[in-house]
Amino acid sequence: MDLRIFTEPQQGATYDTLLAVAKATEDLGFDAFFRSDHYLHMGSGDGLPGPTDAWLTLAGLARETKRIRLGTLMTAGTFRLPGVLAIQVAQVDHMSGGRVELGLGAGWFEEEHKAYGIPFPKEKFSRLEEQLEIVTGLWATELGKTFDFHGTHYDLTDSPALPKPAQRKIPVLVGGHGATRTPRLAAKYADEFNIPFASLEDSARQFDRVRAAAEEAGRDGDDLTYSNALVVCVGRDEAEIARRAAAIGREADELKLNGLAGSPSEVVDKIGRYAEIGAQRIYLQILDLDDLDHLELISSQVQSQLS
């Protein structure tokens, strides 16, 4: 089971805070550092000092880390034109020496679009499908050849389809809870399918849908990696669990029900139950980015039991 660190910087984090978490992620043996792609905080709090851009952040981290994979859960398709996004991600891939992964979603948080003057189109899913086709198509186009795309939302003519990524193929993540269109998109474009904040039962049902969609598309369902994103809150005793839960505005019992919370042995046991239904990778949502001791505890007493 791969464990990856997943952050939500829109809730309030500087680049230096994210760098500290990314370096801890690397030093403590986790597989990857991922971040959300949002420009407005959610829930209580003020989000100070304000948002950081996902791909600017990852470009910086690409130069200041050496081993960990770097990516997004999920880049909002509403934020960037697909041709521009393909250039940005390929450049960061080169800056990292080939360690980038792209999670791409439709975008959903209307308030952040209003706050920063970003168009929020009514028809987002069909845009996402075109974006996936364009981004992957640009990267896959042979050197010396051009890429054309004429869709409902985007039109590309005689694109040189440059730059190429450092990797032969940048892994693409598609995710979500949709019962029909989401599995179809994952089957067509994704290397990994991720379901966020879902129960064991809902995860198993969605993994089965994606496998079925892949097989219907003529693809082996095992070609994809299956993953979950879950909030994590680990403590050595009940007092430490409660303290960490309170720090993120949650209750320990609720986190135990809906996330990965409790003692190291309790969390290892629950991760094992996700593994039984087909999860191969867990993105641990870390909400208190100043609590690096939390990462050390997870590394020494949870990850060590899964290796």
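The present account deals with the structure reproduced in this document. Per chain, residue numbering runs from 1 following the sequence as it is written. Reporting in this predicted model follows two pLDDT cut-offs: at least 70 for local features of residues, and 80 or more for side-chain atom pairs to be given and counted; totals over whole chains, interfaces and linings ignore these cut-offs and use all residues. To get the side-chain values, all heavy atoms of the structure are used, and hydrogens and water are removed first.

1. A word on unusual backbone geometry
And then number 1: Each neighbour pair has its own omega, and for Leu 48 with Pro 49 the value is 10°, a cis peptide bond.
And then number 2: What counts as a helix is a DSSP run of H or I of at least four residues, what counts as a strand is a run of E of at least two, and both are numbered from the N terminus. Note on placement: Pro 49 falls in the loop between strand E2 (32-35) and helix H2 (54-64).
And then number 3: Along the chain, Leu 162 connects to Pro 163 via a cis peptide bond; the corresponding omega equals 0°.
And then number 4: Note on placement: Pro 163 falls in the loop between strand E7 (155-159) and strand E8 (172-175).
And then number 5: Positive phi outside glycine occurs at Ala 161, with the angle close to 55°.
And then number 6: Structurally, Ala 161 can be placed in the loop between E7 and E8.
And then number 7: Of the residues examined, Ala 161 reaches a relative accessible area of 3% and is grouped as buried. A simple rule labels every residue: compare its accessible area, found with a 1.4 Å probe on the protein chains alone, to the largest value its type can have, and call it buried under 20%, exposed over 50%, or partly exposed in between.

2. Comments concerning helix H7 (residues 200-216)
And then number 1: Taking 1.5 Å of rise per residue, the 17 residues of H7 would be expected to cover 24 Å, and the 24 Å separating its terminal C-alpha atoms lies within 8% of that figure.
And then number 2: Looking only at H7, the buried set comprises Leu 200, Ser 203, Ala 204, Gln 206, Phe 207, Val 210, Ala 213 and Ala 214.
And then number 3: In what follows, a contact means two residues having at least one pair of non-hydrogen atoms within 4.5 Å. Along its buried surface, H7 packs onto helix H6 (181-189), strand E9 (192-196), strand E10 (225-234) and helix H10 (264-276).
And then number 4: Just downstream of H7, Gly 218 is the residue with a positive phi angle, here 85°. The span one expects for a helix is its residue count, reduced by one, times 1.5 Å.

3. Remarks on the packing of helix H3 (residues 82-96) against helix H5 (residues 125-140)
And then number 1: Angles shown run from 0 to 180 degrees and are taken between the N-to-C directions of axes, each axis being a line fitted to C-alpha atoms and, for helices, limited to the stretch in contact. Running from amino to carboxyl end, H3 crosses H5 at an angle of 45°, the nearest separation of the two axes being 9 Å. Here H3 is positioned oblique relative to H5, judged by the angle of their axes. You can see that H3 and H5 cross each other, and the crossing is right-handed. Touching Pro 82, Gly 83, Leu 85, Ala 86, Val 89 and Ala 90 of H3 are Gln 131, Ile 134, Val 135, Leu 138 and Trp 139, all from H5. Throughout, the term roughly parallel applies to angles under 35 degrees, roughly antiparallel to angles over 145, roughly perpendicular to angles from 65 to 115, and oblique to all others. In this scheme, a crossing is called left-handed if the near helix is turned counterclockwise away from the far one by less than a right angle; it is called right-handed if the turn is clockwise.

4. Here's the deal with the nonpolar core
And then number 1: Residues grouped as a nonpolar core are buried Ala, Val, Leu, Ile, Met, Phe, Trp, Tyr and Cys residues, joined through side-chain atoms within 4.5 Å. Ranked by internal contacts, the top residues of the largest apolar core, which has 73 residues, are Phe 33, Trp 55, Leu 102, Trp 139 and Leu 284.
And then number 2: For this core, the leading source of residues is H5, giving seven residues.
And then number 3: With sequence-adjacent residues up to four places away left out, Phe 33 is seen in contact with Ile 5, Thr 7, Leu 18, Val 21, Ala 22, Thr 25, Leu 58, Leu 61, Ile 68, Arg 69, Leu 70 and Gly 71.
And then number 4: Of all hydrophobic cores here, the second largest spans eight residues; its members include Ile 241, Ala 245, Ala 252 and Leu 255.

5. Digging into the pairing of strand E5 (residues 100-105)
And then number 1: Among the six residues that make up E5, six are buried, leaving the element largely enclosed by the rest of the structure.
And then number 2: Neither face of E5 is left uncovered, since the one carrying Val 100, Leu 102 and Leu 104 and the one carrying Glu 101, Gly 103 and Gly 105 both have all their residues buried.
And then number 3: Judged from the two bridges that link them, strand E3 (residues 69-72) and E5 form a sheet pairing that is parallel. Directly across from Gly 71, in E5, lies its bridge partner Glu 101.
And then number 4: Between strand E4 (residues 75-76) and its parallel partner E5, the chain crosses via H3, and the hand of that crossover is right-handed.
And then number 5: For two strands to pair, DSSP has to find at least two bridges joining them. Here E5 pairs with E8 via two bridges, running parallel. For Gly 103, the partnering residue across the bridge sits in E8 and is Leu 173. Call a crossover right-handed when, viewed with both strands pointing away from you, the route from the first strand across the helix to the second goes clockwise.

6. Remarks on the side chain of Gln 10
And then number 1: Residue placement: Gln 10 occurs in the loop between strand E1 (2-7) and helix H1 (15-27).
And then number 2: What qualifies as a polar contact is a pair of N or O atoms within 3.5 Å, subject to a donor-acceptor requirement within protein and to the restriction that residues adjacent in sequence count only when both atoms come from side chains. In terms of polar contacts, Gln 10 uses its side chain to reach the side chain of Ser 36, at 2.6 Å.
And then number 3: Excluding anything up to four places from it in sequence, Gln 10 contacts Ser 36, His 38, Leu 40, His 41, Met 42 and Gly 47.

7. Considerations on the packing of aromatic side chains
And then number 1: A pair of Phe, Tyr and Trp rings is counted when the ring centres sit within 6.5 Å of each other, with Trp represented by its six-membered ring. The angle between the planes then sorts it: under 30 degrees is stacked, over 60 is edge-to-face, the rest tilted. All told, the structure shown has six aromatic pairs when counted by the stated rule.
And then number 2: Seen from their ring centres, Phe 34 and Tyr 283 are 5.0 Å apart, and the 70° between their planes marks the pair as edge-to-face. Highlighted residues: Phe 34 in strand E2 and Tyr 283 in strand E12 (residues 281-286), separated in sequence by 249 residues.
And then number 3: What makes Tyr 283 buried here is its relative accessible area of 0%.
And then number 4: Positioned over the ring face of Phe 125 is Arg 181, at 4.2 Å from the centre of the ring. In this scheme, the term charge over a ring applies when either NZ of a lysine or CZ of an arginine sits within 6 Å of the ring centre and within 35 degrees of the ring normal.

8. Points about the pattern of salt bridges
And then number 1: Salt bridge criterion: a side-chain nitrogen from Lys or Arg within 4 Å of a carboxyl oxygen from Asp or Glu. This model, assessed by the stated rule, comprises 21 salt bridges.
And then number 2: A salt bridge links Lys 145 to Glu 142; the shortest N-O distance between them is 3.6 Å.
And then number 3: Arg 219 is the salt-bridge partner of Asp 223, the closest N and O atoms lying 4.0 Å from each other.
And then number 4: Its relative accessible area of 19% is what places Arg 219 among the buried residues.
And then number 5: Beyond isolated ion pairs, a larger network of salt bridges with shared partners links Arg 236, Glu 240, Arg 243, Arg 244 and Asp 291.

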